[in-house]
Amino acid sequence: MNFTIYTVTELTRQVKDLIEEGFPQLWVEGEISNFVHHGSGHMYFSLKDEGAVLRAVFFRQYNSRLLFRPENGMQVLARGTLSVYEPSGQYQLVVSELRPSGIGALQIAFEQLKARLAAEGFFDEERKRPLPSFPEVVGVVTSPTGAAVRDIISVISRRCPPTEIVLCPVRVQGEGAAEEIAEGIRAFGLWGGADVLIVGRGGGSLEDLWAFNEEVVARAIYHSPVPVISAVGHQTDFTIADFVADLRAPTPSAAAEYAVPEAAELVLSLEDMLLRLIGVQRSILDTGVQRIDELERDISVKRLTLRLEQHQQDRRALVDRLKRATVSRLEAAKLDWARLRESLDALNPAAVLGRGFSIVRTPEGEVVSNSDQVSVGREVEVILSRGGLECRVETVHPEKKIKTIADLDDGVHRPRS
Amino acid sequence: MPKKKTENFEALCRRLEEIVQRLEDEQLPLEESIKLFTEGVTLASKARARLEEGEKTVQKLIRTIDQKFTLEELES
């Protein structure tokens with residue numbers, strides 16, 4: 001009988017070759033158990049089902065691309081190769097790719113990230129900012145080709161022509177797209193010229209939209225100083241970016257409609273405002289005019305009263321003056337009258353007679369002032385101050401007379417004739 | 001930082017609202033009301049002018065070598 005006697009090493013070596021050659025790259029489905037994420041970055045776990053257990057190792061350089069966190073109990077699909085680790089005599093699956101089986105890795109990753117960010121407050125309503133009511137500049141982070149950017153530009157141009165559009169062109173799917181999108185959002189934040197951002201892309205599958213589910217994009221939106229409107233895919237697609245954004249739009253066109261107001265409407269409300277302005281000013285002016293009228297009436301009445309009073313005052317003054325004038329005239333008249341009487345008295349023949357003169361009258365009544373008027377033997381009447389005489393002319397002296405001032409004058413100015 | 005329009009449209013509208021409100025609610029002296037009215041009309045016409053501005057060209061945000069930003073015309 002010939003037995004081959006192997007050494008342990010030889011046997012193990014042969015088993016290793018057999019296994020490793022017999023099982024090139026394969027997929028295994030099983031449940032994760034005894035999962036350990038070592039400090040070195042390597043993951044160690046077992047895949048099991050009802051009948052057996054398979055040890056597995058997932059090295060760091062492969063597992064870093066994992067979209068989800070493996071947990072005990074998870075059903076997964078693992079891709080890898082079998083290898084025998086001679087020092088321990090163990091065979092294990094060296095995993096190069098791990099996916100949740102059933103639901104899909106992306107879905108699980110989505111749920112996990114969503115839960116984590118929600119816990120950090122990324123989706124809180126309180127932190128969502130209001131959008132500017134009239135953005136001067138809209139920043140857009142999307143692909144430079146495709147319907148999304150065209151729709152956004154067309155809607156904004158139609159709705160509100162004065163608003164400027166600035167695009168930061170990025171890839172919206174594939175390797176590195178998430179980083180580009182995040183970078184675009186950050187760039188707008190640093191530039192500071194945009195009043196609102198639209199971040200998004202057109203429709204696609206979950207894989208196509210995946211960039212907008214990545215953490216780096218969520219963080220960029222969360223930290224963006226400019227409000228963000230997300231517009232990813234179609235109506236029913238919800239990405240992490242949609243939850244973090246200040247506003248979610250179902251489509252890029254809708255995002256543009258949310259972003260800018262309709263200029264035509266604004267013109268109408270401006271006109272409205274102008275009408276209100278004119279209206280209120282008119283009523284203020286009317287009130288003012290009314291007051292002025294009232295004041296004027298007030299003033300007229302006052303003036304009238306004033307004039308009336310003035311008149312009355314003047315009248316009183318005049319009456320006083322009249323009274324005084326009358327009194328003094330009366331006094332003056334009295335004085336005149338007294339003087340007149342005096343003069344009259346002086347001229348009164350009776351007074352003259354009182355002074356010693358007499359009136360000589362002929363019996364006929366003619367007053368004799370000239371010696372020619374009578375002749376010797378004539379009878380004359382002599383009227384004295386008291387009593388009278390009946391006389392007969394004895395002698396007539398034609399030249400005898402009393403000297404008057406005129407005579408004195410004559411004596412001075414005329415030469416003696 | 002890019003040059004911002006000196007008359008921000010939102011600010012124009014807010015000030016206009018404020019003026020109309022003040023004129024409607026407060027008992028302002030005539031001179032004051034005329035001053036505000038004049039300002040209001042000016043604001044309204046400025047805002048109107050902004051709204052009637054024509055379509056703008058779309059621009060691209062570029063980061064230059066020295067980490068500054070600039071805008072470029074976008075050819076679509």
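No experiment lies behind these values; they were computed from the predicted model shown.

(A) Highlighting the overall build of chain B. The helix and strand tally for chain B stands at two helices and two strands. Walking chain B from its N terminus toward its C terminus, one meets helices and strands in the order α-α-β-β. Every one of the 76 residues in chain B was classed for burial, and the buried ones make up 22%. Within chain B, contacts between residues separated by at least 24 positions form 32% of all contacts whose residues are at least 6 apart in sequence.

(B) Highlighting the overall build of chain A. Regarding its fold elements, chain A presents twelve helices and 13 strands. Within chain A, the fraction of its 417 residues that count as buried is 25%. Nonlocal contacts in chain A, meaning residues at least 24 apart in sequence, comprise 61% of its contacts between residues at least 6 apart.

(C) Layout of the interface of chain A and chain B. Every contact between the two is made by 32 residues of chain A and, on the other side, 32 residues of chain B. Secondary structure elements with two or more residues in the side of chain A that touches chain B: α4 (147–159), β7 (164–169), α5 (177–191) and α10 (263–347) of chain A. Counting residues per element, the side of chain A that touches chain B draws most heavily on α10 of chain A, which supplies twelve residues. Considering only residue class, the side of chain A that touches chain B consists of 23 nonpolar, six polar and three charged.

(D) Inspection of the sheet that holds strand β2 (residues 43–48) of chain A at higher detail. Residues and elements named next belong to chain A. The strand order around the closed barrel formed by five strands is β1-β2-β3-β5-β4, and the pairing between neighbours is mixed. Each adjacent strand pair in this sheet contributes to an overall mean axis angle of 55°, direction not counted. Direction of pairing for strand β1 (residues 26–37) relative to strand β4 (residues 75–85): antiparallel, over a ladder of six bridges. The partner of V28 across the bridge, within β4, is A78.

(E) Here's a closer look at the packing of α10 of chain A against helix α1 (residues 9–25) of chain B. Interaxial distance between α10 of chain A and α1 of chain B falls to 9 Å at its minimum, and their mutual angle equals 30°. In terms of orientation, α10 of chain A and α1 of chain B fall into the roughly parallel class. Relative to α1 of chain B, the crossing made by α10 of chain A is left-handed. Here M273, R276, L277, V280, Q281 and I284 of chain A of α10 of chain A lie close against α1 of chain B, whose contacting residues are L16, V20, L23 and E24 of chain B. Tallied by class, residues from the contact of α10 of chain A with α1 of chain B come to seven nonpolar, one polar and two charged.

Cut-offs applied
- Residues numbered from 1 in each chain as written.
- Chains lettered and ligands numbered in written order.
- Predicted model: local features only at pLDDT ≥ 70, side-chain atom pairs only at ≥ 80, totals over all residues.
- Helix = DSSP H or I, 4+ residues; strand = E, 2+ residues; numbered from the N terminus.
- Buried ≥ 20, exposed ≤ 12 C-beta atoms within 10 Å, placed from the backbone.
- Contact = placed C-beta atoms within 7 Å.
- Nonpolar A, V, L, I, M, F, W, Y, C, P; charged D, E, K, R; others polar.
- Pairing = 2+ DSSP bridges.
- Axes fitted to C-alpha atoms, helices over the stretch in contact; angles between N-to-C directions.
- Parallel < 35°, antiparallel > 145°, perpendicular 65-115°, else oblique.
- Left-handed = near helix turned anticlockwise from the far one by under 90°.

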